[in-house]
Every structure is written in C-alpha cells, then in structure tokens.
Amino acid sequence: MADKLYGGAYLSPFVNTVLDNVSSILEDDSVLYGNDSALELLGRLQNCLYDVGPVLDDAELKQFTDKRVKKWLLDLQEALYFVDDFLDELSTKAAIDATQREPGNSSSWSRLVDSYIEDSGYLEKIVRRLESVVARKNYLRLKESAKVDMSWRIPSTCLVEPSEICGRKEDKEAILKLLLDDDDDAADGDLSVIPIVGMGGIGKTTLAQLLYHDDKVKENFDFRGWVCVSEEFDIVKVTKTIIEVITSSSCNLTDLNLLQLDLKEKLSRQKYFIVLDDVWNENYSDWDKLLKPFQKGVKGSKILITTRNKNVASLVQTVSPHELRSLSDEDCWLVFTKHARLSTVSVENPTLEKIGRDIVKKCDGLPLAAQALGGILRGNSDIRYWNHLLKSEIWKLSHDRINVVPALMISYYFLPSYLKQCFVYCSLYPKDYEFSKDELMLLWMAENILQPVEKKTIEEVGGEYFDELIARSFLQPHSTEENKFVMHDLVHDLAMTCAGEFYFRAEELRNSVEVDIKARHLSHNAKGNYPMSNLLGVCDRLKHTRTFLEINLYTWIPFNMENAPCILLSHLKYLRALSFKRFPLESVPDSIGELIHLRYLDLSESYIVTLPESLGNLYNLQTLKLYCCRNLKMLPVCMKDLVNLRHLDIRETRVDEMPKGMSQLKNMQFLSNYVVGKREENKITELGALADLQQSISIAGLENVVNSSEASMARMFDKDGICSLELSWSPDEDENEVDSQIERDILDKLQPHTNLKELKIRGYRGTTFSDWLGSSSYHNITKVFLSGCKNCCMLPSLGQMPSLKRLSISGFESVEIVGAEFYFYQNDESCLETPFPKLESLGFYSMPCWKEWRSLELNAFPRLRELTIRECPMLRGDLPNQLPSLQSLKIQKCDELSCCVPRAPAITSLSISGKHLVGSVVEAITNTQPTCLTSLRISDCSSHIWFPVSAIPPSLRKLRIRDCRKLEFEMDGQRHSLQQLYIRSSCDSLASFSLLDSFPNLVGVEIKYCGNMESIVVSRSLSCLRYLWIKHCGILKSVSTIWMTAPQLERLSLVGCPEIDLCAPGVPHRSLRFLGISYCEKLVSTAVFMNSQFHGLTSLCIYRECESVKCLPKEGWLPASLESLTLYGMKSVETLECNGLAHLTSLQHLYIYECPKLENMEGEKLPASLIKLSIYRSPLLGNRCQKKDPQLWPKISHIPAIQVDDTWIW
C-alpha cells in the first residue's frame, strides 16, 4: 500500500484514492509480469500522483486570489476523473474475469491493459494528460506544504439541541409575549402575523425553533406546525405541508382550492401556531392567496415568519417586525466557545483566548459563522493552528467575490480534507431538501469518497463523517421531522460555490447556466421547471457523468418522459450512483448491465415487475433499493453474483421467495427482508453466512423451516447489529397438523441478540412461546408486536421487560385468560416490583375466545397512556382499575364487557362501542363529568339511550355517534366547547334536526345515513361553522336555515339527498367555496347555480344521481367563479360540452372520474385557463386522449398537464 499523502485540500483524498489503486496494481508482481509498456505507463502515473500531492494545500489557498491556480485545480480534477474511470474499469473487468477463469491463470490484468494500449492508446493518452497538468505546478510556483497535525479529529457526537443559543434571551421573551397574548391588535379571529427579520445566518431560524419548542407555547396552542418556505414560494406545497403537519399523514390533494378549503376547515377548529420559515416572496397577490385559509381562525392563533427582507414582513405583518441584530462580540464568543468544546485549561489560556476573540470579531456578529468556526476548532487547543486560521488570506476576500460569507468559507477551508468532498456532494440537493443520514452515507460510499479506517466498516466511517458535519454546523437536524436533516441556505450556497462545474442541479430553467461538459454529478429536481428533455438532450456530451439523482418526483407532478431511463443508460456508462426513485418505470432496460461502475441503484416506488438478469453484471453494486416496488414479485437469479452488495431493501414488495445463493453475499450489511424457501438453496440456513447484518430484518416464510437445526444455522443470536427483527409464518394447508414442540424449538433457535430494540412475531404456530421472549435480559426492547398466533393458549411473559413502551397483541384465537403469566416471567427470582414499568401504549385486537383479564393488584402500567381493546366479543369483567396516566381508551366490538371506565383522571379521549358499554359510559360521564375529556365516540348500540346536553363534559370538543338509532338528546342546555359533531345511522326519532342549536361554536358537522331526517332547523347563530357534510339522507328536503345562521360556511356537501332544495332566495352566501352535490333532476331544472349564494364558489364536485343525462354541462349553468370542477361517477354521460365550460375563465383543474360512457367533447375547446386535466377510470375518453385522437386532441392540447389514470401523457 502506498504511503498516504496528507493535504487539507479538497483533492487530497481523491489523489490518495487513485494512488492507492495504481500502487495496488504495481505491487502485485503477477499482474503485469512481462508487460513493460504497461508497467512504464502506470509507473509514470504513480510518479505524477506522488509529485502533485504535496502542493495541493498551497493551491487550495491560492485559488482564491489567482485564477490560474483555480483553473489548474479544475484541470487536475478532470484529469483525475479520467484516470479513476480507467483504473476502475480495469480492476472491475479483471475481477470479473478472475471469477470466471481457470485456477492458476493470472493473465487477466495483463490482457486487459494490453487491449487498452494496443487498441486505442487510451492509457497513454490519460497519463500524458495528467503529466501535462502536473507539470504546470512549477510554472504556478506552487509549494509543498508541511503536514498539519489533525489528531484532534472530531469523534461521533450527539446532535446539538436548538435551545443551545446565546444572546437571544431578550429577543425570545419579546416574541414569546406576542405569541401568548390573545388580546393583541388583531380583531377577534383575524389573522395575527409576527415577522422576525434579519440577515442570513443571524439566527432567525434558531430563535424560531427555540420558540416553537418552548413549553409555554406548547401549552398555549392546540397544535403547532413548521413549514420551510424558502425561495421557491410554492403555495400548493406550503399548504399541503401545513395540512400534513396538522393531520400527521400525507395529503394527496393537488388542487389549490381544495387544499385551501381543507386547511381552512382544519385551522378553524383549534388554536394554532404556524411557523413559516425562510420566506423570500414579495408578491402581495401570492401572499393574499396563501393566507386566505388562516383568516377568521380561533382567537389567539398566530403565524410567525422569518425573513431576510423587510418588504416581505411589511406585506403580512399585523405587529411591527422583530428585527434581529448582530450578536455582540461577547455573545459571539460564547457561541464560538460552546461549539469549540474547549477544556477548562484551554479556555483559561490568555493567548488562546486573545486569538479566539480576534477570530470572533471577524464573524461580524453572525452566530452561524461563529458556530461554524467553533466547530472547525472543536477540541483543538494548538495556538499555531488558531493563529493560522486568524491570519488566513481568505478573510481579505470580499463577500461578493466568493459569493458566501468569508467566515463560512474559512470554515470550509479548514475542514479536514476527508470531509470536503462529502460536504460538497450535498450541493446536489435542492435548498431545504430533507434528507436522511443513511441515504447520504450510501451515496458517499458509492462515490468512493469515504476513507477506509482499520477495524471499522465503511458505513461506520460514513456515520462518523456525517456526525462531524453536524457537529461543525454544516448540516443540521430538521426542526420537526425526526431522522431528517437539512442545510442552512448560506451553507448550501457555500456548497454550490465549492462544487463548481463538476456538479449540476437541473432545477430552475430561467436561472440555470448551461451544463458544463466537465459535469460529473447531476440531479434533477422534479419540483422545479427544468425540463427533463433538456437534460436528456445533452447526455451525449456528459458521458463521464458519475451521478444522476431524480429528486422530488411525486405522482402528482406531471412527468411524461418514460423513455428517460433508456436514454440515460445509453449514454452515461460511467455512473456510480443512479436514482430512478418514483419514476413511472415498469421495466429496467437490459443495458443496466453495462454500467459496470455502478455502486448505488435506487428504483424505489417505481412500477417495475421484474429485474433483468443483466443486473448480475454489476460487480461493484453496493446498494440496491427496491422499497415499495409493489409490482415486483421476484428477484433475478443473478443476485448471487452481486458479491459486493451491502444494502438490499425490498420492503413493501411482493417478493415471495429468495433467489438461490444469498449466502454468497458475505459483504451484506443491511437486508430488509428474507423470505425462506423450500429448496435447499434458499432455506433459512443461507442467513448463517451473513454475519455482519445490521439495523433491521424481516424473515418471512418460516413455515418452510423443517426443524430447529435449520433455524440454528441462521445464527440469529450472533447478529449483534440487528436492532429490529420481524419473524413471520404464513398460513398453509397443513397448519392444523403442526407439531407444537417442533415449532417452539424452531423459535428457540431464532433467539436474537440481546441488543434488540424492536420485535414483531406474526403467525407463530406453536402453543407456547420460547422462554427468551419476555426475558428481562432484553433491556433495550421498546416495542413488541405479536399477531396471528392462533394456537397460543397463553400470552408470553412480557411484564418484566424494563424498557418496553409499546405492546400490540392481535389474533390470539386460543387465549381465554390473561393472568399472572402476562406480568411475571416464570421461575425468575429477580422480578420487577412494578410490571410493565414504562409501557405507554397497549392494544388487544381480534381475540375471540378471551374471557377474562385478571389484572391483579400489582400497580402495573404506571405510565400507560393508550389502551385499545377491539373485537374481543367474550371478554367480561373489569379492566385494570388504576391507570393513573391513561389518556386514551378505545373499546370496540366487545359486547360482553359491561364496565369499562377505569380510574383515569387524565383521560382525554374515549371511543366506546356496544350496547352495554355505551349506556354505562354515558351514565358514567353524566355522573362524574370528567374535566379533561376532549373527544368522545360512541357506536353500535341498539338500546335506548337518553343523553342530556347538560351531561356533555364542558371540555368536550369532538363528539362522534354511529349506529345508535335509539339515542335521543335532551336539549337542556348548551355546550360552547364542542367544535366537531359527527352523526351516522343514529337518532332515528329526529325528523326535524335542531341539535345544532345546542352547540353554538361548531366548526364542522357531518350527518350521514339518517333516513328519517326531513329538515335541519337552526334558530341560533352558528358563526363558527365552516363545513357541513350531509350524505344519504334520502328524505331531507331543506337546509335553508343554514344560509342565514352560518354566514362563514365554506364547505358544503349534499350527496345522496335527491329531495334537497338548495335555493334560498335573497340570501347571498359569498363565503361558500366548495360544494359537493349529486346530479339530479331538481338540480338541473332549477338552475340553482345561477343564484347569488354561489357566486363565490371556486370548487364544485358533482356526483352521479340522474341516469337520464347524456351530456353536460348546460351552457351558462355553472358559476363563473369556478377554479376546480370534478365530475364523479356520471354513468350515463356520453358527451362533455365545451361550450358549457367556455365562460369559466378561472377554471384551472378539471377532474373526470369513473364516467364509463363518456367519449366525446363537443364545442371548440376546453377553457384556456386550464392547467391540469385528470381522467381516471373513464376508458373511452382516456384512450382517445392517449392516442391523441385528431378530433379530440385540438380541444385539450393547450393544457400543460394531462393525466390518464396513472400516466402523464402531456
């Protein structure tokens, strides 16, 4: 191995890597024996690399002041890329040949080198090119630099909390006062916006984070949401993000109007605190649109924005903006020392302090700069090094000249060389992109920019590099998303500046420069407006590209370049990392096998059905991601040939059997799933050879394990890197004939290492569990999920697991009693006095024979917050009666359980079903009036229940009633706290529904399948009501009083109500924005949409009802204000009348769902304002659009995005 060259320069690790590759060839005498010309060329190459290494540090600094040196570094990097490509191809082909040749034949290297020399002289060409570049170092007078001691390299560290800030106490208190003030200048329910203004890096986001996580803020608001807006002011994206924060689930809506209506409805229920971070947009119209859903919210709701621009603040502020000033030198010093992590002795060193304070003065009061510089010096107390940093020439450069704050460039310059390439690689991500640690580490690994360290895996090295960049503030944890990370905007600018011509991010067409022929790393941001076709058009000039990443491609983003993979693969033969994540890709071209340099391949969430056998040619492949490829049923036979594969992710696929020979993949570090087969070559024994597995694994098909001997050969207990394990048996025809003892023996031998943190067991076929399950030796386990263990007659002893927080038990069909065995481990003399000491969530599901829960007087479950019991029809008796921390109790389909409310003073949510339980719960609530209860759901009760309004707890906000047909309310009072009311198939005695009068602050009401309801009568104001959904109330005729009493109603849905009369003459209702309604004769004949109350309507959804209609809409029938129109399930409609849509000059989205007879469009064309046409399950029209039918196509070809089913055709 060659001696390592040290250089703090960006290119030093690259030179060392190439030098190692050359040296390993030359040091193996058998490889090039007798090939003098090849030895001579590679020797010259080695000398060049030895010659250039020592001057790189000098060049790194001089490039800032000498353009010739900067050009020289670029030329050197390009020459190194060519050399590296050559050596990688050479070594790869030789390695492949070595696996195929006869033993003793070692001529592969020699033959391959000969072919390069004789056929094209390529090796000589690239050697001469490198020699020419290296020779210029003398002309540039570059000097050799002394080696710097870097022994203080940062170890892996914990992430820094946002609360660790200095000098912002007064700022925090001032803004906190505004946030907690419910009586500010904003009118009742009006928008309250507080801007924080300051330059980049001043600490706006950090201050906002501090406020966001403040305990007083958490207590004051019902929910909080954080949205990073950034330079790309995408109203749809921001709105979707807020909805997703509120609901904690993904939002699939793409129509802005529907999104805003949905957001408005959600915001109007609760007091909210929303942070809009890093705002740039100065367009008043954009802001006006974005903020509409926030108007008239719950009093005291707040929006906090951070921006660099006072003009932005002036557009939205309701109070004067809080302007952040630069930190004082003293506060900057505190930030600096906090991140430098100096020892007490170092801090008290007057010389070191003097230099440090001089460095801090150069930060100009920017905490980000002080933070970064402190990170650079972290743990280092060498005065010479500090002095070197202080006197660096980079301080003299202007901000304009280097495009970033000089303090940040200094921080980059003093990064260890092994981190620089890793940091620069992050420039491929768009600003504010949220990435995971594993994702970035695997890409670094693929690009070979991680330096091997003895006794550490390359993944461990990558993890340390990542943590170092976090510690040095080059990367930072996401404000709200766990396990997600981002880059500060200024740091991202720094990465892009340092990346230069070798990195190209295809994102914004209007701001982009032409991609440079030197580019080696490409990414395409689907959320931008840079056409993929532009990138494909220059692929032939970029054939040495090493990286292509498709980023942010979602199904709702128009993308019709299905041929992109073929074009890319035909040109980019030197790729190391390739991501086709979420590509509309059904098959992978065979040409994938030609990418012999490829290390990283991501096909996640694509439509692929199979993988080509040519995949086996990818000798270097380290990472293969197939996550959520739901059509993929099998892996190729060639998998065993991928001997360098380290990460295989097949979660959420349909792979039902592993290919043979998986045991040959001995480098495997992460294998998401293993499906045990019946054949010798894919049994569970294959796992035994995979000794280094880490993270998690799911083992399915365990019914195919014949005996404990096979299970033992998997060596699960030896795999100490596994922290999450799933064991799964599938039901089969012989399930009732299994030998219970054999099944238990098998489970015994599948015992995992005690490092385990999460365990799932599904479909286990034995009658009892192994002793290891529940053992207190598993002190790290926090989650256990057991399901479908039909033969087990008793639960395992889980109460003694000291760290268990979440437990779910379902499908135990033979269990009749849960007793002491559940709490105590048999024959264990060191039992915990309090069973389940840390359990927070417990659920029992689908246990048809369970009759009794013997809870015992053990003070168990002291921290239990959530208890769910569902589908346990024979369970009788009481639940544990002392659950001091219980907040949520859900009991459904447990008809024999009579008493169900334990002593739980903190309970906030109750969901109860069953004829006995509902009655007892209503009685208990009436008698005890719980003070914390905010949500109540009762269902499935056939008994008569009398529920006085006055008995409803004053704290209740949500009330859901389902299938309680004999329930009656006594209108004996009002409850102002209730905001949401849901009634389905209940209250049959109510023909005239007047219950709404009892809840004057209702925000949302849903009434469904109430067949006896004829009218809704409201005599009091419902000023807070925002949405009303009424469905399948067949004889309902009138909702006319709603128009008068609910002036703020914005969403109204009346589906399956054929007798309904929408007309309310003389009552304008300009707040209504969304209407969903069935298409019926009465609706057609009354021309209801011409009435004034619909003049503000922006979104209309029309459902099927009338079977006689053949064409629609009538001309002039729809309100001209529409922005979105949905036609759903119009079974008889054959023709869409373009003339009936011509006057809709604001229409942007047209959705057509399940209209099987719709085939034609009459009239000139669809409105010019349309930006999206979506057609689903309407085959006649969809096929004509896909074929670009000449009679139809001119009517729709002007629409920018056209989607038929899941395919973008335009």
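The model shown is predicted, which means the values in this text are computed figures rather than measured ones.

A.B. asks: Sorry, what's going on with empty space enclosed by the protein here?
C.D. replies: It is a probe the size of a water molecule, rolled over the atoms, that shows where empty space is left. Following the criterion strictly, the structure yields four cavities of 30 Å³ or more and no others. As a volume, the largest cavity reaches approximately 160 Å³. Around the largest cavity, the lining comprises 16 residues; the ones closest to its centre are Tyr81, Gln421, Glu447, Ile449 and Arg546. Sorting the residues of the lining of the largest cavity by element identifies helix 1 (12-26), helix 4 (67-100) and helix 21 (417-425) as the ones contributing at least two each. Per-class residue counts for the lining of the largest cavity are seven nonpolar, six polar and three charged.

A.B. asks: For this particular structure, what's the right way to read the sheet that holds strand 42 (residues 1135-1137)?
C.D. replies: Within a sheet, adjacent strands bond to each other through the backbone by hydrogen bonds, running parallel or antiparallel. The three strands are arranged 40-42-44 in an open sheet whose pairing can be described as parallel. Lying at the two open borders of the sheet, with one neighbouring strand each, are strand 40 (1111-1112) and strand 44 (1160-1162).

A.B. asks: Whenever I open this one, the packing of helix 1 against helix 21 confuses me. Can you help?
C.D. replies: Between two packed helices, what matters for the description is the angle formed by their axes and the separation of those axes. Two numbers describe how helix 1 lies on helix 21: the axes approach to 7 Å, and their chain directions differ by 105°. Taken together, the axis directions place helix 1 and helix 21 in an arrangement best described as roughly perpendicular. Touching Ser12, Pro13 and Phe14 of helix 1 are Ser417, Tyr418 and Gln421, all from helix 21. Residue composition of the contact of helix 1 with helix 21, by class: three nonpolar, three polar and no charged.

A.B. asks: Explain the environment of lysine 666 to me, please; I cannot follow it from the model alone.
C.D. replies: Relative to the elements of secondary structure, lysine 666 occurs in the loop between strand 14 (647-649) and strand 15 (670-671). Spatially, the C-alpha atom of lysine 666 lies 6.5 Å from that of alanine 689, the residues being 23 residues apart in sequence. When residues no more than four places from it in sequence are discounted, the contact partners of lysine 666 are Ala689, Leu690 and Asp692. Of note is the side chain of lysine 666, whose polar atom sits 3.2 Å from the backbone oxygen of serine 663.

A.B. asks: Would you explain the environment of glutamate 353 in this entry?
C.D. replies: One can find glutamate 353 in helix 16 (residues 350-361). Distance in space between the C-alpha atoms of glutamate 353 and tryptophan 333 is 9.5 Å, their sequence separation being 20 residues.

A.B. asks: What should I look at first to understand the packing of aromatic side chains in this one?
C.D. replies: Summed over the entire model, instances satisfying the criterion amount to 41 aromatic pairs. Ring centres 6.0 Å apart and planes at 45° place the aromatic pair tyrosine 412 and phenylalanine 423 in the tilted group. With tyrosine 412 in helix 20 (residues 406-413) and phenylalanine 423 in helix 21, this residue pair connects regions lying eleven residues apart in the sequence. Assigned by exposure class, tyrosine 412 and phenylalanine 423 land together as buried. Ring centres of phenylalanine 822 and phenylalanine 836 lie 4.9 Å apart, and the angle between their planes is 45°; this geometry places the pair in the tilted category. On the criterion of sequence distance, the pair formed by phenylalanine 822 in helix 29 (residues 820-823) and phenylalanine 836 in the loop between helix 29 and strand 23 (841-845) is long-range, its members being 14 residues apart. You'll find phenylalanine 822 and phenylalanine 836 in the same group, each marked buried. Put simply, the rings of Phe822, Tyr823, Phe836, Phe844, Trp850, Trp853 and Phe861 touch in pairs and so form one group of aromatic residues. Sitting above the plane of the tyrosine 412 ring, lysine 420 keeps its charged end 5.2 Å from the centroid. Residue placement shows lysine 760 over the ring face of phenylalanine 785; its charged tip is 5.5 Å from the ring centre.

A.B. asks: What's the story with the sheet that holds strand 13 (residues 623-625) in this structure? I'm lost.
C.D. replies: The eight strands are arranged 8-9-10-11-12-13-14-15 in an open sheet whose pairing can be described as parallel. Either end of the sheet is taken by a strand with one partner, and the two such strands are strand 8 (503-506) and strand 15. Summarising the sheet, strand 9 (residues 521-525) and strand 10 (residues 547-551) pair through five bridges and their orientation is parallel. Note that in strand 10 the partner of serine 523 across the bridge is leucine 549. Along the sheet face, helix 21 touches strand 8, strand 9, strand 10 and strand 11 (577-579) and points at about 20° away from the line of strand 8.

Rules used in this analysis
- Residues numbered from 1 in each chain as written.
- Predicted model: local features only at pLDDT ≥ 70, side-chain atom pairs only at ≥ 80, totals over all residues.
- Heavy atoms only, no water.
- 1 Å grid on protein atoms, 1.4 Å probe; cavity = no way out; pocket = protein on both sides within 12 Å on 5 of 7 lines; lining within 4 Å.
- Points joined across faces, edges and corners; volume = space filled by probe spheres on them.
- Helix = DSSP H or I, 4+ residues; strand = E, 2+ residues; numbered from the N terminus.
- Nonpolar A, V, L, I, M, F, W, Y, C, P; charged D, E, K, R; others polar.
- Pairing = 2+ DSSP bridges.
- Axes fitted to C-alpha atoms, helices over the stretch in contact; angles between N-to-C directions.
- Parallel < 35°, antiparallel > 145°, perpendicular 65-115°, else oblique.
- Contact = heavy atoms within 4.5 Å.
- Polar contact = N/O pair within 3.5 Å; in protein donor to acceptor, adjacent residues only side chain to side chain.
- Phe/Tyr/Trp six-rings, centres within 6.5 Å; stacked < 30°, edge-to-face > 60°.
- Buried < 20%, exposed > 50% of the residue type's maximum accessible area, 1.4 Å probe, protein only.
- Lys NZ or Arg CZ within 6 Å of the ring centre and 35° of its normal.

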